[in-house]
Amino acid sequence: RWAIQRGTSVLPKSTNRERIRMNLELFLWELPEPLFNLLNTLPMQKRMLEGDIWLNAAGPYKSYEDLWDEDKSSLSKPVVRIPSCVGTASGGKQLYATLNTGQKMPYVGLGTWKSKPGEVRDATLAALKAGYVHIDCAEIYQNEEEVGDAIGRALEEGIISREELFVTSKLWNTDHAKGDVEPACRKTLKHLGLDCLDLYLIHWPVTGNKGPQLEPPLEETWRAMENLVEKGLVKAIGVSNYSISKMQALMGYAQIPPAVLQVEIHPYFRNDDLILWCRGKGIHVTAYSSLGSPDSASMFENRKNLPKLMDHPVVKEVAASSGHNVGQVLLRWGVQRGLTVLPKSVNPSRIASNLQLFDWELTAEEFEKLSTFEEQFRMLDGSFWLHPHGPYKTVEDLWG
């Protein structure tokens, strides 16, 4: 079934009647995305039939490399690559990922970070009118009341129903103590004008304390997050800006597993290992800064000299060959990797354009070009959370 889902014909061989029959029972089911991708990432790559019986010192094939036109040693090197796994939809309608809670999460949401006061209300309303059904918010963005005004108006005018809408918000660093988590969530719900969040994330594995240990510990915060689910204040919980090691620790004590991890992902920072780890655990991944966070340079002194992803010649080349703008190309690349993306804009035409991703797809060649940038770096490296006294003294401490 794995081979068929990759688009290849298969030729199973058997002389056992029952096995012959079973080998044909492949078309009423399919491997779910996490399992399909696990099978795509076995680190050892080796032919069962190497063709060495055809090798001869006199030629024409003197070596394995002569016969197969490839370096045999390269096959044993682990290759981490996220395959293209999300196609198109009839009529270009929004596509959805299924969370481990059973919820359907849209692959595209409106990002609201860095939207200026007075702008995000109109941007949110424009997005809902354009067909968005997913809004990504956070307490620290300091604009949830405006987002709530727009949602309220859209619900009142019948632009969207609450059942169609998927709203995410995030717990800020200063509210990690078990007694602060619920009040913070209720404050967000009040600002948004909602009774329940579809998804609530721990924004950073950071609390602001100075010292060798993170206080309060992340386990305490997660327990309080789980309590929100039990009280019906949120439907799903997850985290943002966690590394694999922090995810492993979380899975060790979580009674309710995280449904979503939101992290930085774009061609300059593919984050392949983390994505594959999450898929193996049934955790959906949301990508932020899908366009390369083009305005981060103006916000963070140590990021001023980073190249701009949207100006990369390969991105422009793929945009030209696909007939779409560079923003759409970068967003489609993320969606095609099975990620939810969160483009941010306050321009109504750009907002609409960023949603036009589901009636076309990148070719295999275009997808591969965007997936193989040698230079890899974060736009937001989290260095603003470092302190000589800890708990994070270096970037490696934060992301390790």
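Residues numbered from 1 in each chain as written. Predicted model: local features only at pLDDT ≥ 70, side-chain atom pairs only at ≥ 80, totals over all residues. Heavy atoms only, no water.

Those residues of helix α5 (residues 120-130) that sit buried are V120, A123, T124, L125, A126, A127 and L128. Those residues of α5 that are buried lie in contact with β3 (110-111), β4 (134-136), α6 (144-156) and α13 (348-355). Just beyond α5, the residue with positive phi is G131, at close to 115°. (Buried < 20%, exposed > 50% of the residue type's maximum accessible area, 1.4 Å probe, protein only. Helix = DSSP H or I, 4+ residues; strand = E, 2+ residues; numbered from the N terminus. Contact = heavy atoms within 4.5 Å.)

Their axes nearest at 8 Å, the elements α5 and α6 cross at an angle of 35°. As α5 packs across α6, the resulting crossing turns out to be right-handed. Between α5, through V120, R121, T124, L125, L128 and K129, and α6, the contact on the second element is made entirely by E146, V147, D149, A150, I151, R153 and A154. Classifying every residue of the contact of α5 with α6 gives seven nonpolar, one polar and five charged. (Axes fitted to C-alpha atoms, helices over the stretch in contact; angles between N-to-C directions. Left-handed = near helix turned anticlockwise from the far one by under 90°. Nonpolar A, V, L, I, M, F, W, Y, C, P; charged D, E, K, R; others polar.)

Next up on the list: the pairing of strand β9 (residues 284-288). Successive residues of a regular strand alternate their side chains across the two faces of the sheet. Across the five residues that make up β9, a large majority, five, are buried. As paired strands, β9 and strand β10 (residues 340-341) are joined by two bridges and run parallel to one another. Paired with T286 across the two strands is T340, which belongs to β10. (Pairing = 2+ DSSP bridges.)

This part covers the nonpolar core. Counting 92 residues, the largest nonpolar core has L197, Y200, M225, M247, L261 and F358 as its most contacted members. Of the residues forming this core, the biggest block, six residues, is contributed by α5. In this structure, F358 is in contact with T88, A89, G92, K93, Q94, L95, Y107, V108, R332 and V335, ignoring residues within four places of it in sequence. Judged by nonpolar contacts, the second largest core, of eight residues, contains M105, L199, A236 and V260. (Core = buried A, V, L, I, M, F, W, Y, C linked by side-chain atoms within 4.5 Å.)

Below, the discussion takes up unusual backbone geometry. Backbone torsion omega between G59 and P60 reads 10°, so that peptide bond is classified as cis. With a phi angle near 60°, N271 is a residue other than glycine that sits in the positive phi range. Mapping N271 onto the fold places it in the loop between β8 (260-264) and α10 (272-280). Given the relative accessible area of 14%, N271 is considered buried. Positive phi outside glycine occurs at S289, with the angle close to 60°. Counting through the fold element by element, S289 comes out in the loop between β9 and α11 (313-322).

Remember, this is a structural readout, not a statement about activity or role.
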